[in-house]
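Breakdown of the fold
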Amino acid sequence: MYDPSQLRTFLAVAQALSFTQAARRLGLRQSTVSQHVRRLEEATGRQLFSRDTHSVGLTEDGEAMLGFARRILEVHEQATAFFTGTRVRGRLRFGASEDFVLTRLPEILEGFRYDHPEVDLELTVELSGTLHEQLTAGNLDLVLAKRRPEDPRGEPVWHDDLVWIGAERFRLDPGRPVPLIVYPPPGITRALALEALERQGREWRVVCTSGSLNGLIAAARAGLGVMAHSRGLIPPGLVRVPDRAGLPELGRVDFVLVHGLRRASTQAAADALAAAILNGGMSLGRTPGGR
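Source: prediction; values computed, not measured.

Our next topic: the overall build of the protein chain. If you tally the helices and strands in the protein chain, you get nine helices and eleven strands. In terms of C-alpha radius of gyration, the protein chain reaches 20 Å, essentially the compact-globule figure of 19 Å for 291 residues. Oriented by its inertia axes, the alpha-carbon framework of the protein chain measures out at about 65 × 45 × 35 Å. By the burial criterion, 47% of the 291 residues in the protein chain qualify as buried. For the protein chain, long-range pairs separated by at least 24 residues make up 75% of all intrachain contacts whose partners lie at least 6 apart in sequence. Summing over all exposed atoms, the protein chain offers an accessible surface of approximately 14,700 Å²; the carbon and sulfur share of this is 50%. Within the protein chain, the 34 negative side-chain charges are centred at a point lying 1 Å from the centre of the 36 positive side-chain charges.

Right, dumping it as structure tokens:
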């Protein structure tokens with residue numbers, strides 16, 4: 001009933017919230033993307049996207065279709081692999097940023113390992129900036145991380161706003177420098193936070209530096225200061241700093257998948273893992289057991 005190519009197009013539009021970006025990612029014309037979505041909507045008898053000249057959003061039925069589309073494509077790929085006798089093999093060096101430690105990424109990786117048991121998966125968890133450096137140096141095959149503002153590379157997985165967060169009872173003293181909890185250089189979130197404060201002319205001081213997300217969370221929960229973080233990934237026990245605190249806007253951030261030098265021995269495995277992450281990209285903003 002549902003064409004896999006149309007479902008893949010639907011997921012690409014749902015993740016990018018843009019027909020143009022989805023077309024670029026899939027290597028299709030925008031008219032073809034629109035046609036796929038229209039035919040899928042005809043097949044379901046429901047409107048899946050609300051769209052106008054300025055924005056694209058998922059309807060309630062579109063949100064429901066996300067889960068169905070992922071499961072249908074997953075079963076389709078499993079059946080194709082079984083009956084064609086293809087097996088994805090090789091050593092795959094995958095890097096994921098610290099941001100995803102507390103998300104559903106482990107579930108996606110578990111499913112990938114189950115579907116592709118002959119892939120030797122090596123996971124590196126690091127700062128986004130460090131992962132991009134390792135990818136450029138040829139030490140990683142695939143990276144899931146924040147994208148530098150000036151870097152056009154990568155397939156968008158998820159977009160979000162950066163916000164200031166801290167302990168619920170923490171209060172900023174307007175007469176003193178902003179106490180910052182940050183990743184060390186070359187952390188992308190660190191750079192964006194410092195740039196925003198400098199533009200505002202706001203004084204700041206670093207009260208905690210840690211390369212571990214858990215270390216930053218512990219410092220924030222202890223009330224040492226505030227940290228810049230993705231709004232959709234706010235850890236339990238921390239809250240968004242109210243606008244009345246007067247901290248500057250941090251803007252949006254893109255989480256992307258970037259392939260390294262495509263080696264014949266790892267290309268199939270990298271493509272398979274990238275597909276699994278893209279299919280599950282909308283769920284990365286939810287913590288296990290949460291919504």
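Still more ground to cover, so stick around.
Moving on, we get to the nonpolar core. Counting residues in hydrophobic clusters, the biggest one holds 44 residues, and the most contacted among them are F94, W164 and L273. Per element, the largest residue contribution to this core is seven residues, and it comes from helix 9 (residues 267–279). Counting residues in hydrophobic clusters, the runner-up holds 20 residues, among them F10, V37, V56 and L66.

Right, let's get into the pattern of salt bridges. Applying the stated criterion across every chain, the model contains eight salt bridges. Two residues, E41 and R51, come together in a salt bridge whose shortest N-O distance is 3.3 Å. Highlighted residues: E41 in helix 3 (residues 30–44) and R51 in strand 1 (residues 49–51), separated in sequence by ten residues. On the basis of relative accessible area, E41 is assigned to the buried category, the value being 12%. One continuous salt-bridge network, built from bridges that share partners, spans D161, R231 and R252.

What follows covers the packing of aromatic side chains. What the rule picks out here adds up to four aromatic pairs. Taking 5.3 Å as the distance between ring centres and 70° as the angle between the ring planes, the aromatic pair formed by F100 and F255 counts as edge-to-face. Of the two residues, F100 sits in the loop between strand 3 (90–97) and helix 5 (105–115) while F255 sits in strand 11 (residues 252–259), which places them 155 residues apart along the sequence. Judged by relative accessible area, which is 2%, F100 ranks as buried. The buried category is assigned to F255, whose relative accessible area is 0%. Arranged with centres 5.2 Å apart and planes meeting at 25°, the rings of W158 and F255 form a pair that is stacked. Taken as a pair, W158 in strand 6 (residues 155–166) and F255 in strand 11 lie far apart in primary sequence, 97 residues in all. Grouped by ring-pair contacts, the aromatic residues F10, F19 and F49 constitute a single cluster.

Our focus in this paragraph is helix 5. Along an α-helix, residues three or four positions apart point the same way, because every turn accommodates 3.6 residues. For helix 5, every residue scored as buried is listed here: L105, I108, L109 and F112. Around the axis of helix 5, the buried residues are gathered within 95° of arc, so they sit on the same side. With respect to the buried face of helix 5, the exposed residues turned more than 90 degrees away are E110 and Y114.

Turning our attention to the side chain of D160. With respect to the helices, strands and loops of the structure, D160 is situated in strand 6. Summary of buried charges: D160 has no salt-bridge partner, and the nearest side chain of opposite charge, R231, is 4.1 Å away. There is a polar contact of 2.5 Å between the side chain of D160 and the side chain of S230. Those residues in contact with D160, other than ones at most four positions away along the chain, are S230, R231, G232, L233, R252, V253 and F255.

What follows is about empty space enclosed by the protein. Per the stated rule, a full pass over the model turns up four cavities of 30 Å³ or more. Computed from the structure, the largest cavity encloses a volume of approximately 80 Å³. What lines the largest cavity is a set of 13 residues, and nearest its centre among them are I181, V182, T189, M227 and A228. If you list the elements that add at least two residues to the lining of the largest cavity, you get strand 7 (178–182), helix 7 (188–200) and strand 9 (227–230). Among the residues forming the lining of the largest cavity, the class breakdown is ten nonpolar, two polar and one charged. Of the voids in this model, the second largest cavity is the one considered here, and its volume is about 50 Å³. What lines the second largest cavity is simply E98, D99, E126, L127, S128, K146, Y183, G187, I188 and T189. For the lining of the second largest cavity, the per-class residue count stands at three nonpolar, three polar and four charged.

The terminal C-alpha atoms of helix 9 lie 18 Å apart, and with 13 residues this matches the ideal 18 Å at 1.5 Å per residue to within 8%. Buried within helix 9 we find A269, A270, A272, L273, A274, I277, L278 and N279.

Analysis parameters
Residues numbered from 1 in each chain as written. Predicted model: local features only at pLDDT ≥ 70, side-chain atom pairs only at ≥ 80, totals over all residues. Heavy atoms only, no water. Helix = DSSP H or I, 4+ residues; strand = E, 2+ residues; numbered from the N terminus. Rg over C-alpha atoms; globule rule 2.2 N^0.38 Å. Buried < 20%, exposed > 50% of the residue type's maximum accessible area, 1.4 Å probe, protein only. Contact = heavy atoms within 4.5 Å. Areas by Shrake-Rupley, 256 points an atom, 1.4 Å probe, with all protein chains shown as cover. Lys, Arg positive; Asp, Glu negative; His and termini not counted. Charge placed at Lys NZ, Arg CZ, Asp CG, Glu CD. Core = buried A, V, L, I, M, F, W, Y, C linked by side-chain atoms within 4.5 Å. Salt bridge = Lys/Arg side-chain N within 4 Å of Asp/Glu carboxyl O. Phe/Tyr/Trp six-rings, centres within 6.5 Å; stacked < 30°, edge-to-face > 60°. Arc of directions from axis to C-beta. Polar contact = N/O pair within 3.5 Å; in protein donor to acceptor, adjacent residues only side chain to side chain. 1 Å grid on protein atoms, 1.4 Å probe; cavity = no way out; pocket = protein on both sides within 12 Å on 5 of 7 lines; lining within 4 Å. Points joined across faces, edges and corners; volume = space filled by probe spheres on them. Nonpolar A, V, L, I, M, F, W, Y, C, P; charged D, E, K, R; others polar. Expected span 1.5 Å × (residues − 1).

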